[in-house]
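# Per-entry structural report
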Amino acid sequence: MSEKITIYDIAKKLNITAATVSRALNNNPKIKESTRDLVIKTAASMNYKQNKLALALKSGRSNNIGVIVPRIDSNFFASVIRGIEEELQPHGYQVIICQTHEDLKRESENLYTLIDAQVDGILMSVTAVSTENDAAFRNVLEKNVPLIFFDRSKHIDGVSSVTINDFKGGYIATKHLISEGCRCIAHLSGDQSLEIFKNRFLGYKQALLDNGMLFKEEYVVSVKSSVEAGKNAVETLLQLETPPDAIFSSSDFAALGAIQELKERNISIPKEFCVAGFSNEPFTKFMELSITSVDQSPLEMGKMSARVFLEQVDKTDTIKIEKKVVLAPELHIRKSSSRTNS
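Residues numbered from 1 in each chain as written. Predicted model: local features only at pLDDT ≥ 70, side-chain atom pairs only at ≥ 80, totals over all residues. Heavy atoms only, no water.

## Focus on helix 3 (residues 33-45)
Along an α-helix, residues three or four positions apart point the same way, because every turn accommodates 3.6 residues. Note the following rule: Strands here mean DSSP runs of E at least two residues long; helices mean DSSP runs of H or I at least four residues long; both are numbered from the N terminus. Here, expected helix span is obtained from the residue count minus one, scaled by 1.5 Å. Each residue is placed in one exposure class: buried if its accessible area under a 1.4 Å probe, protein chains only, is under 20% of its type's maximum, exposed if it is over 50%, and partly exposed if it falls in between. When we speak of the arc, we mean the arc of directions from the helix axis to the C-beta atoms. Residues are treated as being in contact if the distance between any of their heavy atoms lies within 4.5 Å.
The end-to-end C-alpha separation of helix 3 is 18 Å, in line with the 18 Å expected for 13 residues at 1.5 Å each. Residues Arg36, Val39, Thr42 and Ala43 constitute the buried set of helix 3. Within helix 3, the buried residues cover an arc of 135 degrees as seen down the axis, which keeps them to one side. The outward face of helix 3, more than 90 degrees from its buried face, is lined by the exposed residues Glu33, Ser34, Lys41, Ala44 and Ser45. Where helix 3 is buried, its residues meet helix 1 (7-14) and helix 2 (18-25). With its phi angle positive at about 60 degrees, asparagine 47 sits one or two positions after the end of helix 3.

What follows is the structure in structure tokens.
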């Protein structure tokens, strides 16, 4: 294995001091442009690699950003990450991605690991609203590392967030189902300890009340974001004395499961039963029976989260202004709920 080239090797070759080489490589304004260009050219020809960790310890900046998501095998979170990278890459930042797999212990470990890695900021979607990881969040803030929540947020003083108006998303989806003639609308809800799912439920409930319809607890079924959960929910709902004639699901995957179960029971969609989901996953528009869904604008959410971070690090003082960005949802109406166009 060949020996690693150091700044001392470059200095020896050019007959200058190692300090001059270091300043030139770090773009110090005191170094002449001709000297800097010569050092950079020589370093490249000698295949010199800067020790980024040492540089980070010296400068206090690593140019690395931590991104924590529940999982990356989701179009939504993959698109958010893409937006973050597209916005930060031109500013010289690299992204370190961590997954929690909906596990609070893993979330805490991710936070401590990223701080140990000297990241310049952390952008994350929380696993659950819990006090269990408060110490890990305090550690981030005590290190004066910018923390920005996206999609799933947690109320912490001084921490910014970028979310979608989930209440409005639930409201417009439910109102659309009402406009299609549905009168008994069920809701497949996610974990309401998370604000996003609670607000989608509240939007659903308010749309019913605003349109003179009764809210029935038995029409609300708590589900995971999975096809199987959607199937099981339909099985439960159809056993009610007055079964529903529509579903607004907080998850596209649960909506897909609901549709599959309805089809197996030979229930006509949307003539007899309408379904709407949430997230606008790619499969919703490519299916033969395309699924109505609320778009969360994940790419824009990622870009906006990155912009909020850049605003914070660009400040010369240590005061971080808390910023709450709320994006507008958009309903994409498709075959699964469109009776008027079927």
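And the narrative resumes.
## Description of the state of the cysteines
Heads up, the condition is: Our working definition of a disulfide is a cysteine sulfur pair at a distance within 2.5 Å.
Scanning the model with the defined rule gives zero disulfides in all. Lacking any disulfide linkage, cysteine 184 is separated from the closest cysteine sulfur, that of cysteine 182, by 9.3 Å. Here cysteine 274 stays unpaired: no disulfide links it, and the sulfur of cysteine 182, its closest cysteine neighbor, is 3.6 Å away. The exposure class of cysteine 274 is buried, given its relative accessible area of 0%.

## Notes on the sheet that holds strand 5 (residues 160-164)
Put simply, the rule is: By this definition, two strands are paired if DSSP reports at least two bridges between them. Here an angle of 0 to 180 degrees is reported between the N-to-C directions of two axes, which are lines fitted to C-alpha atoms, with helices fitted over the stretch in contact.
Pairing in this open sheet of six strands is parallel, and the strands run 2-1-3-4-5-11 from one edge to the other. Two strands in the sheet have a free side with no partner beyond their single neighbour: strand 2 (94-99) and strand 11 (324-327). Sheet twist, expressed as the average angle between the axes of neighbouring strands with direction ignored, equals 15 degrees. Of the strands in this sheet, strand 1 (64-69), strand 2, strand 3 (121-124) and strand 4 (147-150) touch helix 5 (residues 75-88), which is tilted by about 165 degrees from strand 1. Relative to the sheet, helix 7 (residues 134-142) contacts strand 3 and strand 4, its axis offset from that of strand 4 by approximately 130 degrees.

## Overview of the pairing of strand 6 (residues 185-189)
Threshold: Note on handedness: a clockwise path from strand one over the helix to strand two, with the strands aimed away from the viewer, defines a right-handed crossover.
Here strand 6 lies mainly inside the structure; five of its five residues are buried. Across the two faces of strand 6 the burial is the same, with Ile185, His187 and Ser189 and Ala186 and Leu188 all buried. Pairing geometry for strand 6 and strand 8 (residues 246-249), over four bridges, is parallel. Residue pairing in the sheet places leucine 188 in a bridge with serine 249 of strand 8. Across three bridges, strand 6 lies against strand 7 (residues 220-222) in parallel orientation. In the sheet register, leucine 188 faces strand 7, and the bridge partner there is valine 221. In this region the chain leaves strand 6, passes through helix 9 (residues 195-210) and returns to the parallel neighbour strand 7; the handedness of that crossover is right-handed.

## Overview of the pattern of salt bridges
Quick reminder of the rule: Definition used for salt bridges: Asp or Glu carboxyl oxygen within 4 Å of a side-chain nitrogen of Lys or Arg.
Tallied over the full model, the rule gives 11 salt bridges. Salt-bridge contacts for glutamate 322 lead to lysine 324; the nearest nitrogen and oxygen are separated by 3.3 Å. Its relative accessible area of 42% is what places lysine 324 among the partly exposed residues. Ionic contacts of the salt-bridge type, sharing partners, join the residues Arg82, Glu86 and Lys303 into one network.

## Notes on helix 2
Where burial is concerned, most of helix 2 is hidden: six out of the eight residues are buried. Residues of helix 2 that are buried include every one of Ala18, Thr20, Val21, Ser22, Ala24 and Leu25, and no others.

## Observations regarding the packing of aromatic side chains
To keep things clear, this is the line we draw: Here a Phe, Tyr or Trp ring, Trp counted by its six-membered ring, pairs with any other such ring whose centre lies within 6.5 Å, and the pair is stacked when the planes are under 30 degrees apart, edge-to-face when over 60, and tilted otherwise.
Across all of its chains, the model carries nine aromatic pairs by this definition. Summarising the aromatic geometry, the rings of phenylalanine 201 and tyrosine 204 are spaced 6.4 Å apart at their centres and angled 40 degrees between planes, so their arrangement reads as tilted. Here the residue phenylalanine 201 and the residue tyrosine 204 both occupy positions in helix 9, the gap between them amounting to three residues, near one helical turn. Neither phenylalanine 201 nor tyrosine 204 differs from the other in exposure class; each is buried. On the basis of an interplanar angle of 50 degrees and a centroid distance of 5.2 Å, the ring pair of phenylalanine 253 and phenylalanine 283 is categorised as tilted. Remark: phenylalanine 283 occurs in helix 12 (residues 283-286) and phenylalanine 253 occurs in helix 11 (residues 252-264); sequence separation between them is 30 residues. For phenylalanine 253, a relative accessible area of 27% translates into the label partly exposed. Following the ring pairs from residue to residue traces out a cluster consisting of Phe201, Tyr204 and Phe215.

## Let's talk about the sheet that holds strand 12 (residues 330-332)
Taken in spatial order, the six strands make up an open sheet running 7-6-8-9-10-12, and their pairing is mixed. Among the strands making up the open sheet, the edge pair consists of strand 7 and strand 12. Between one strand axis and the next, the sheet turns by 20 degrees as a mean value, whatever way the strands run. Across three bridges, the pairing between strand 8 and strand 9 (residues 274-279) is parallel. Paired with isoleucine 247 across the strands is valine 275, a residue of strand 9. The sheet contacts of helix 10 (residues 227-237) involve strand 6, strand 7 and strand 8, and relative to strand 6 the element is tilted by about 145 degrees.

## Description of the packing of helix 5 against helix 13 (residues 298-313)
Heads up, the rule is: An angle counts as roughly parallel when it lies under 35 degrees, as roughly antiparallel when it exceeds 145, as roughly perpendicular when it falls between 65 and 115, and as oblique in every other case. Should the near helix be turned anticlockwise from the far one by less than a right angle, the crossing is termed left-handed; should it be turned clockwise, right-handed. Amino acids outside the nonpolar list (Ala, Val, Leu, Ile, Met, Phe, Trp, Tyr, Cys, Pro) and the charged list (Asp, Glu, Lys, Arg) are all regarded as polar, and Gly is one of them.
Viewed as axis vectors pointing N to C, helix 5 and helix 13 meet at an angle of 40 degrees, and their least axial separation amounts to 7 Å. The angle between helix 5 and helix 13 places the two elements in the oblique class. Here helix 5 runs over helix 13; the crossing is right-handed. Every residue of helix 13 that contacts helix 5 at Phe76, Ser79, Val80, Arg82, Gly83, Ile84, Glu86, Glu87 and Leu88 is listed here: Pro298, Leu299, Met301, Gly302, Lys303, Ala306, Arg307, Phe309 and Leu310. Here the residues of the contact of helix 5 with helix 13 sort into 10 nonpolar, three polar and five charged.

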